[in-house]
Amino acid sequence: LQRASAARTENRPLLGHAFILLSQVQVRLWRHAEAEKTARHLVEMEPGYGPAHYSLGRLLYDAGQFPEAGEKLETALILGTGDKVWGADQDSCNFKAAFLLGRIWAADGRSGPARQAFSLARDFDPQNPEPAFALAEVALAEGEAALARTHLEDVLRLAPGHRRAVNLYARINGGGSDVRQ
């Protein structure tokens, strides 16, 4: 890594990938502080490298450092999470970044940005029911039961046995479980 770091202009794509892999190994070895330090170092060296921000954002989210995690995940979405060397599925990374960003903003009471982030996550993975469920939760928190019901119906079209959606739908309908398919 030290040689790759010294020759970073020649090996720029490999350098980013090496630091991301090192950070992932450190997490698996329960060395979270070292993993965060590695990820931060990569962001400092390559501030325009989206996967670096994504990797650091995920680490910070897992550590409960939500405000900074949100900043890094948002930056990753702006810069893009794709990298041919890294080999990660860009849509999957974009989905995770947008979904986690939505969670952060929803928990912070920022319903408008949370809705945008969850909608973006849904665009990256239209078959995943979780963004629609999150949108239902946000709508319900804002007192929009009809909109929440619509999002829950979307969830149940994608995943008919989605227990949390069935329970929330029943709660919205006053305990009834008449879910329109």
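The structure under discussion appears in the preceding block.
Computed from a predicted structure; not experimentally measured.

S.K.: Looking at this structure, I do not really get the nonpolar core. What am I missing?
M.R.: As a rule of thumb, soluble globular proteins bury nonpolar side chains together. Among the nonpolar cores identified, the biggest contains 34 residues, and Leu42, Tyr54, Leu73, Phe99, Ile104, Trp105 and Phe118 are the most heavily contacted of them. When contributions to this core are tallied by element, the ones reaching two or more residues are α2 (12-28), α3 (32-45), α4 (50-62), α5 (66-79), α6 (90-107), α7 (111-124) and α8 (130-141). Sorting elements by how many residues they give to this core places α6 first, with 9 residues. Core analysis: the next-biggest nonpolar cluster, separate from the first, contains 12 residues, Leu152, Ala165, Leu168 and Ile172 among them.

S.K.: Which parts of the structure should I look at to understand the environment of Glu36?
M.R.: Here Glu36 shows up in helix α3. In this structure the C-alpha to C-alpha distance between Glu36 and Gln24, which are 12 residues apart in sequence, comes to 9.7 Å. Residues in contact with Glu36, not counting those within four places in the same chain, are Leu56, Leu59, Leu60 and Gln65. Within the local environment of Glu36, its side chain forms a polar contact with the side chain of Gln65, the two groups lying 3.5 Å apart.

S.K.: Looking at this structure, I do not really get the pattern of salt bridges. What am I missing?
M.R.: Oppositely charged side chains may form a pair once their charged atoms are brought near each other. Tallied over the entire structure, the rule returns 6 salt bridges. Measuring nitrogen to oxygen at the nearest pair gives 3.0 Å for the salt bridge that ties Glu36 to Arg40. Highlighted residues: Glu36 and Arg40, both in helix α3, separated by 4 residues, approximately one helical turn. Residue Arg157 pairs with Asp154 through a salt bridge whose shortest N-O separation is 2.4 Å. With a gap of 3 residues between them, Arg157 and Asp154 both fall in helix α9 (residues 145-158), about one helical turn apart.

S.K.: How do you make sense of the packing of aromatic side chains when you look at a structure like this?
M.R.: This structure, assessed with the given rule, holds 3 aromatic pairs. Ring centres 5.2 Å apart and planes at 65 degrees place the aromatic pair Tyr61 and Phe66 in the edge-to-face group. Summarising the aromatic geometry, the rings of Phe99 and Phe118 are spaced 5.4 Å apart at their centres and angled 55 degrees between planes, so their arrangement reads as tilted. With Phe99 in helix α6 and Phe118 in helix α7, this pair connects stretches of sequence that are 19 residues apart. Pair check on accessibility: Phe99 and Phe118 agree, each one buried. Taken together, the ring pairs in this structure connect Phe95, Phe99 and Phe118 into an aromatic cluster. The positively charged end of Arg164 is found above the aromatic ring belonging to Phe133, 4.5 Å away from the centroid.

S.K.: Sorry if this is basic, but what is going on with the side chain of Glu130 here?
M.R.: With respect to the helices and strands, Glu130 occurs in helix α8. For Glu130, the side chain forms a polar contact with the side chain of Arg164, separated by 2.6 Å.

S.K.: Even after reading the chapter, I still don't get the environment of Arg40, so can you show me in this structure?
M.R.: You can call Arg40 partly exposed: its relative accessible area is 24%. Look past the residues within four positions of Arg40 in its chain and what remains in contact with it is Leu56, Leu60, Gln65 and Glu68.

Reading guide: rules and limits
Residues numbered from 1 in each chain as written. Predicted model: local features only at pLDDT ≥ 70, side-chain atom pairs only at ≥ 80, totals over all residues. Heavy atoms only, no water. Core = buried A, V, L, I, M, F, W, Y, C linked by side-chain atoms within 4.5 Å. Buried < 20%, exposed > 50% of the residue type's maximum accessible area, 1.4 Å probe, protein only. Helix = DSSP H or I, 4+ residues; strand = E, 2+ residues; numbered from the N terminus. Contact = heavy atoms within 4.5 Å. Polar contact = N/O pair within 3.5 Å; in protein donor to acceptor, adjacent residues only side chain to side chain. Salt bridge = Lys/Arg side-chain N within 4 Å of Asp/Glu carboxyl O. Phe/Tyr/Trp six-rings, centres within 6.5 Å; stacked < 30°, edge-to-face > 60°. Lys NZ or Arg CZ within 6 Å of the ring centre and 35° of its normal.

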